[in-house]
Amino acid sequence: MSEWNDRSKTKYVGQRVTRVEGPLKVSGRAKYTYDIQLPDMLYGAILGSPHAAAQVKSVDISEAERMPGVKAVHVVAGPGTNLRHQGQDVAAVAATTEQQARDALRAIRVEYEVRPHRVITQVASQDPERMEPFPALSDEAQTALRAADATIEGSYSVPVRIHTCLETHGCVVRWDGDDRFTMWCSTQAVHGVRGGMAQNQGVPAGNVRVICEHMGGGFGSKLGPGSEFAVCAALAKKAKAPVKLMRDRHTEQLTTGNGPDAHARVRAGARKDGKLAVIAADCFGTSGYSAQWGMPFPYVYRAETRAVRSRPVRTNCGSDAPLRAPMHPQACAITEQVVDELAYALGMDPLELRLANTDGVRKQQFELGAKLFGWEKRNPKPGSDGGRFRRGMGVGTSAWGGGGGPGSRVELTIHRDATIEVKLGTQDLGTGTRTYVASIVAEDLGVDISQVRAMIGDSDFGYSGASGGSTTTASVAPAVKTASLEARRQLFEKAAEMVGQPAEELDARDGKVFVSSDPSKSITFAEVCSRLGVAGIVANGTFDASLQQGGVAGVQFAEVEVDMWTGRVRPIRVLAVHDCGYWMNRLTTESQIIGGVIQGIGMALLEERKMDENTGRCLNPDLEQYKLPGPWEMPEIVPHLFETHQKVAGIGEPPVIPTAGAIANAVFHASGLRIRHLPITPRKLLEAMDERV
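**Student:** Teacher, can you tell me more about the sheet that holds strand β4 (residues 82-83) here?
**Tutor:** Whenever strands of a sheet pair, they do so through backbone hydrogen bonds, lying parallel or antiparallel. In spatial order, the strands read β4-β2-β6; together these 3 strands make up an open sheet with antiparallel pairing. Lying at the two open borders of the sheet, with one neighbouring strand each, are β4 and β6 (109-114). Sheet analysis places strand β2 (residues 54-60) next to β6, joined by 6 bridges and oriented antiparallel. What sits directly across from Val56, in β6, is Tyr112.

Here you go:
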């Protein structure tokens, strides 16, 4: 059984190691899909539906085909196709320049039969054909509510949030023959896209090569081949030339997926000791026209009586896509507010109620976080501070899996010139995969990290799975470790011949292989490599389940300042206490936590897709009207890595989960105003103040 290195003795693994690809990124030399330029390459553009619901009656592309520079026109939605949302792909053009392609889109004539639509969840939920009505509350739940020492009742909601990857979805496709092609794309699943595109284009999987050297964010929306991939392949085949097709921001935000909304009508009760007695809720939300929707409610906390019913609401909006911890932030934000309200209804400190309903690691995290954050300094009475600017504290928690799984195949080669290559077909979402791959190998072989070249993001390398669910590190790192240990074994066997000592008595550090009991007896790594055969050392690695473990917890404490004159909320500080077992790189792990908190701030205070029921169109499919956190909203964020075990677990998803709930509770503590519908905007706070008066 393998073990991870003792972090107290490591140079790279578990330490604060800057990203190995950092110089490429800051100098602009890193190649993203958008940067790919091929000889004779054309540019593609897609025409989307202007209607939320319609049937295509006819498509005339003749004028577009005659436009200057146009090399191919492809009809995606032919006559008879039912269109389910604004922006759905209808037709596409490939032309010599991007502007020529966009001009040609305007020459495509499409006749639509417009049909009735519903785009706002609350409106659609009133239509029994779009949402099945809820039955009456059970007798058991009503009895439990009557028996509780304190009860609360209210409606809560989290709006639809749009994926806003910095790098939009897109690809470059080059056919290398009638039945084979190469594509460069921004994806979270190099091998998944290879399989999906091979099936889509009817070619053998081995004839498709997918390359993703760097990507500008995915957050779950790039887990498979997007519709633009197939469109691009069709255009390239028809034009007999490579085609680049990157979605613009408008179509990106209409068509590439979103985090569904969540609405809940909740009744809950607790006993005097803080134990949750009953939670009853009718929950609903939309994943677009899909009939699938659900969330893990109530989140983390368990009540003695639970009566939760969920319903999907079919709307004519873009479909959902996994968005960093799918449905967990929504469930957490609502649950944490319900728990908070119950605590105040009981006259109990909100933290004490949480401690009464948790145990194990999470309870320890609550207690540690409260101490580090200074929870005891808070004013026990919400909204009682006077003055224009009022501060408050809130808290929330998270749970996640994050374990690894088998499949990754690593090939590690030590060359005679003392350079090392590690090949694996995984991809780096920006979480630091290259860096920990190089760190593991450099640590075990005792060389400088600059000698290790981590080669990833190519389907011609060994198989690796999709990067979703915070499973990548826990899946990939064990496979790299087994390859690294095998290479070390082979290296020591060669060195043993040179130093005259058994391989079992050797160690490696600082570019040398030496006798553990007498470091003066040593030979350089380069000298050992110079004696290798032409092929060098080749070692393969696969998944080792003993090096990973799923199941992580986290808690976050937030402090905000509410401007009672303007209703504006300013986050002051967030303490994020999370465990992820054995962290591979402290620097990038903390970076993941900070990024998650920032995304949670967006959910709490800013992000909301706005739809117009009359036209069926999205009102803010851009980065001007769709608000994201900026410098003004940035608090002091303090990540705290909570030590649990010595096995690898994922940390990508968990930090985004508790932030919004903690901030919402902090706003209530500061202002005495409970805003149950996110985001907490100045308008909602000012309206709540008016209602209180």
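**Student:** It is not clear to me how the packing of helix α15 (residues 586-605) against helix α16 (residues 659-671) should be interpreted in this structure. Could you clarify?
**Tutor:** When two helices pack together, their arrangement is given by the angle between the helix axes and the distance between those axes. The contact between α15 and α16 brings their axes to 8 Å, and the two run at 50°. Taken together, α15 and α16 sit at an angle that is classed as oblique. Considering how the two elements wind past one another, α15 and α16 form a crossing that is right-handed. Contacts between α15 and α16 involve Gly596, Val597, Gly600, Ile601, Met603, Ala604 and Leu605 from the former and Thr659, Ala660 and Ile663 from the latter.

**Student:** When you look at the side chain of Thr286 in this model, what are you seeing that I'm missing?
**Tutor:** With respect to the secondary-structure elements, Thr286 resides in the loop between β15 (276-285) and β16 (305-312). Looking at Thr286, its side chain comes within polar contact range of the main-chain oxygen of Val313, at 2.8 Å. Only 2.7 Å separates the side chain of Thr286 from the side chain of Thr315, close enough to count as a polar contact. Here Thr286 is in contact with Thr121, Val160, Pro260, Asp261, Trp293, Val313, Arg314 and Thr315, once residues within four sequence places are set aside.

**Student:** I tried to follow the nonpolar core on my own but got confused; where do I start?
**Tutor:** In summary, soluble globular proteins display a tendency toward joint burial of nonpolar side chains. Of all hydrophobic cores here, the largest spans 82 residues; its most connected members are Val266, Met295, Phe297, Ile334, Phe557, Ile680 and Leu685. In terms of residues, this core owes the most to one element, helix α9 (residues 328-346), which gives 8 residues. Sequence-distant contacts of Ile680, that is, excluding residues within four places in its chain, are made with Val569, Ala604, Leu605, Ala664, Val667, Ile675 and Leu685. Within the second largest apolar cluster, 49 residues are counted, among which are Trp4, Tyr436, Val452 and Val648.

**Student:** Honestly, the packing of helix α12 (residues 433-445) against helix α13 (residues 472-499) in this entry has me stumped. Any pointers?
**Tutor:** Between α12 and α13, the shortest axis-to-axis distance is 9 Å and the interhelical angle comes to 25°. Between α12 and α13, the angle is such that the two are roughly parallel. Crossing geometry of α12 relative to α13 is assigned as right-handed. Along the contact surface, α12 presents Tyr436, Val437, Ile440, Val441, Asp444 and Leu445, while α13 presents Thr472, Thr473, Val476, Ala477, Val480, Lys481, Ser484, Leu485, Ala487, Arg488 and Leu491. The residue makeup of the contact of α12 with α13, split by class, is 11 nonpolar, 3 polar and 3 charged.

Reading the values: the criteria
- Residues numbered from 1 in each chain as written.
- Predicted model: local features only at pLDDT ≥ 70, side-chain atom pairs only at ≥ 80, totals over all residues.
- Heavy atoms only, no water.
- Pairing = 2+ DSSP bridges.
- Helix = DSSP H or I, 4+ residues; strand = E, 2+ residues; numbered from the N terminus.
- Axes fitted to C-alpha atoms, helices over the stretch in contact; angles between N-to-C directions.
- Parallel < 35°, antiparallel > 145°, perpendicular 65-115°, else oblique.
- Left-handed = near helix turned anticlockwise from the far one by under 90°.
- Contact = heavy atoms within 4.5 Å.
- Polar contact = N/O pair within 3.5 Å; in protein donor to acceptor, adjacent residues only side chain to side chain.
- Core = buried A, V, L, I, M, F, W, Y, C linked by side-chain atoms within 4.5 Å.
- Buried < 20%, exposed > 50% of the residue type's maximum accessible area, 1.4 Å probe, protein only.
- Nonpolar A, V, L, I, M, F, W, Y, C, P; charged D, E, K, R; others polar.

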